[in-house]
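# A closer look at the structure
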Amino acid sequence: MDSSTSLLLLLLLSQPWMGAGAEKHAVVCAGTACYSAHWGKLSAAEAQLHCSKKGGNLATVRSEEEARHIQRALAQLLEPGVPLETQKGKFWIGLQREKRKCLDPSLPLKGFSWVGGGEDTSYSNWHKEVKSSCIFKRCVSLMVDLSHLSLSSHLLKWSEGPCGNPGSPGSSIEGFVCKFSFKGMCRPLALGGPGQVNYTTPFQAISSSLEAVPFASMANVVCGDGDKSKQLFFLCNEKSTDVFDWDSSGPLCVSPEFGCNFNNGGCHQDCFEGGDGSFRCGCRPGFRLLDDLVTCMSRNPCSSSPCGGLATCIPGPLGKNYTCQCPQGYQLDSTQRDCVDVDECQDSPCFQECINTPGSFHCQCWVGYEPRGPEEGNCQDVDECAPGHSPCAQGCTNTDGSFYCSCEDGYILTGKDGTQCQDVDECEGPGGSICDSLCFNMKGSFRCGCLPDMELAPDGVSCIINPTSLAPSTEPPQEENTRDREGRLVLSITTSSPTGDPEDTSKVAHTMRRPFFLPNASITPTSPQTLATSGSPGIWMEPRNHHPKVTMGHEESTGGDFMVQQRDDGTDGQKLLLFYILGTVVAILLLLALALGLLVYRKRRAKREEKEKKPQSAADSYSWVPERAESKAMENQHSPTAGTDC
């Protein structure tokens, strides 16, 4: 018994009419897939389990074409007479997002993926914005309004939500859609007389109106008035590579009564009747009749455009087969009907970097290199340190494919790209200054100085007692350290020079003192503990004192070794301060005396003016009798004239 007969018997034994009740569903087949719509209030997991038991998965909707196939299946599922309000609901599809996988708004599927696997697709049809939730698993369903399913412009919207639980599928869930993929399809059987054909698919769906019948499906043909004794069974087989057809020959259910008048005798193109009521099928010019004696195929095997994409169909000998060819830079895929790009970069054709492009490739130089000439793939180093192109502030060293910057002594590299140089403040290092006393930071270097009556040692760092400081000073007082009009500290600089006597080089020539301002230099005090044993070659270092950091002037001094002397005599300073205080007190007292005298003078003058302006009263013209005379008059009471004695 061959394999096709065994498969036919197996399908016959497993048919629903053998005792099991048929499930309510609707099927649409197209291309290489079938879509079945089912009623059932199930959770997404239960729906996926139902589909997988029959060899499929919850349906994918990867394109508008797939969306229309599913929409047709759902439209067939609607029974006539169902009230309109019950024609709305949701049907699960195979788009889900696992727990702890978050929303990705940049992708069309928003982070969801198809249950059956495969790459993400560009098609999507979301009803509203997807919720950003990573805590629970989310599943997608189709929002079905069966009253609009016949309108192709109204593609079903996607709705995401909880996946439901067994017994609680979620709100508005009415069913689900499964998808089954096959390696090929057979054409529907054509009857040459009255009869009916029912197809049973491998996923146990039964339909009499399939536009394409999946491989391994069984056809049950009932001819005439439906007498069971006239049943015929056929199986969809793979005749050759990618060629699927039924194991039957000649028209089915032919009837001399109808001849070619019934369904064109079941013929694909032409039907020819014989004189005895028989008939046969024929083909038009350019076509040939296949082995089933019903179907016609073009003599040019490429007439049906079997090759896809960039592939070109080349007919074989006698027009019985064909081959597909690809343009340069492409090769046939696993189906031998389409082309895929060849990655030429796997053979390393380039000197440095290879960039693959559709059907071709091109070479590219690495960073730091440039094409040597018009010949592609040959690269040479770019000299980033070339004059006028160097990105470095000071030193630049070119390397193979790159470069690096360097700085002169007294500077360090800085900047985000490491191309700039910054002065190092040797007077403010982590370990302190190497100068014994004063330290002057310069651009790219530093200098050391000493306190008054000290001079710089030969090591350029330490300070020693100046032998000339023991002798009386003949320097004019105006050359002492003073402060300029802006309050800056003017240091007296002692510059030593050799006498020029070749016999006695140890003699020290006379010193010349002059006010000195270091350009943009800072004086930093240094403790004796930070004394360094030696100075760096090529750097002139001088000690610093213990005074606060002072910013000096803007004129640079040149010459040999020098010593900064800051003469701040304590006694002279105290005397000068005392004179300032006494002079100020005397001036204040004089001002107070002058003010007091002026105040007294003004008060007296005001009183005098007030008295002169006051008016005289009537009593001022009389004179008062002395009290003594009045008393005498009172003593002589017998005088004839009052006030006189007789």
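Now for a quick tour of the structure. (Residues numbered from 1 in each chain as written. Predicted model: local features only at pLDDT ≥ 70, side-chain atom pairs only at ≥ 80, totals over all residues. Heavy atoms only, no water.)

When helices and strands are tallied, the protein chain shows five helices and 41 strands. Put simply, the protein chain shows about 39,600 Å² of open surface, and 54% of that area lies on carbon and sulfur atoms. (Helix = DSSP H or I, 4+ residues; strand = E, 2+ residues; numbered from the N terminus. Areas by Shrake-Rupley, 256 points an atom, 1.4 Å probe, with all protein chains shown as cover.)

With that settled, consider the packing of aromatic side chains. Two measures describe an aromatic ring pair: the distance that separates the ring centres and the angle between the ring planes. In total, this model carries 11 aromatic pairs according to the counting rule given. On the basis of an interplanar angle of 55° and a centroid distance of 5.7 Å, the ring pair of Phe258 and Phe262 is categorised as tilted. In this structure Phe262 comes out as partly exposed when scored by relative accessible area, which is 28%. Centroid distance Trp366 to Tyr369: 6.3 Å. Interplanar angle 80°. Geometry classified as edge-to-face. Residue class for Trp366 comes out partly exposed when judged on its relative accessible area of 45%. One aromatic cluster is present, built from ring pairs that chain together Phe112, Trp114, Tyr123, Trp126 and Trp158. It is Lys183 that lies over the ring of Phe215; its NZ or CZ is 5.7 Å from the centre. (Phe/Tyr/Trp six-rings, centres within 6.5 Å; stacked < 30°, edge-to-face > 60°. Buried < 20%, exposed > 50% of the residue type's maximum accessible area, 1.4 Å probe, protein only. Lys NZ or Arg CZ within 6 Å of the ring centre and 35° of its normal.)

Turning next to the nonpolar core. With 35 residues, the main nonpolar core has Trp92, Leu189, Tyr199, Val221 and Trp246 as its most contacted residues. Elements supplying a minimum of two residues to this core: strand 1 (25-30), helix 2 (44-53), strand 8 (173-181), strand 9 (185-186), strand 10 (195-200), strand 13 (218-223), strand 14 (231-240) and strand 15 (243-246). The element best represented in this core is strand 8, accounting for four residues. Core analysis: the next-biggest nonpolar cluster, separate from the first, contains 28 residues, Val28, Ala59, Val61 and Val144 among them. (Core = buried A, V, L, I, M, F, W, Y, C linked by side-chain atoms within 4.5 Å.)

Let us now look at the state of the cysteines. Here the structure, examined in full by the defined rule, presents 20 disulfides. With its sulfur 2.0 Å from that of its partner, Cys283 forms a disulfide with Cys296. Taking the torsion about the S-S bond as the criterion, the Cys283 to Cys296 disulfide, at about -95°, is left-handed. In this pair, Cys283 is assigned in the loop between strand 17 (279-282) and strand 18 (287-289) and Cys296 in strand 19 (residues 296-298), connecting sequence segments 13 residues apart. For Cys283, a relative accessible area of 22% gives the class partly exposed. Classification of Cys296 as buried rests on a relative accessible area of 7%. For Cys345, the disulfide goes to Cys354, at an S-S distance of 2.0 Å. Between Cys345 and Cys354, the disulfide has an S-S torsion of -70° and is therefore left-handed. With relative accessibility at 21%, the residue Cys354 sits in the partly exposed group. (Disulfide = S-S within 2.5 Å.)

As far as function goes, none of this settles anything; it's purely spatial.
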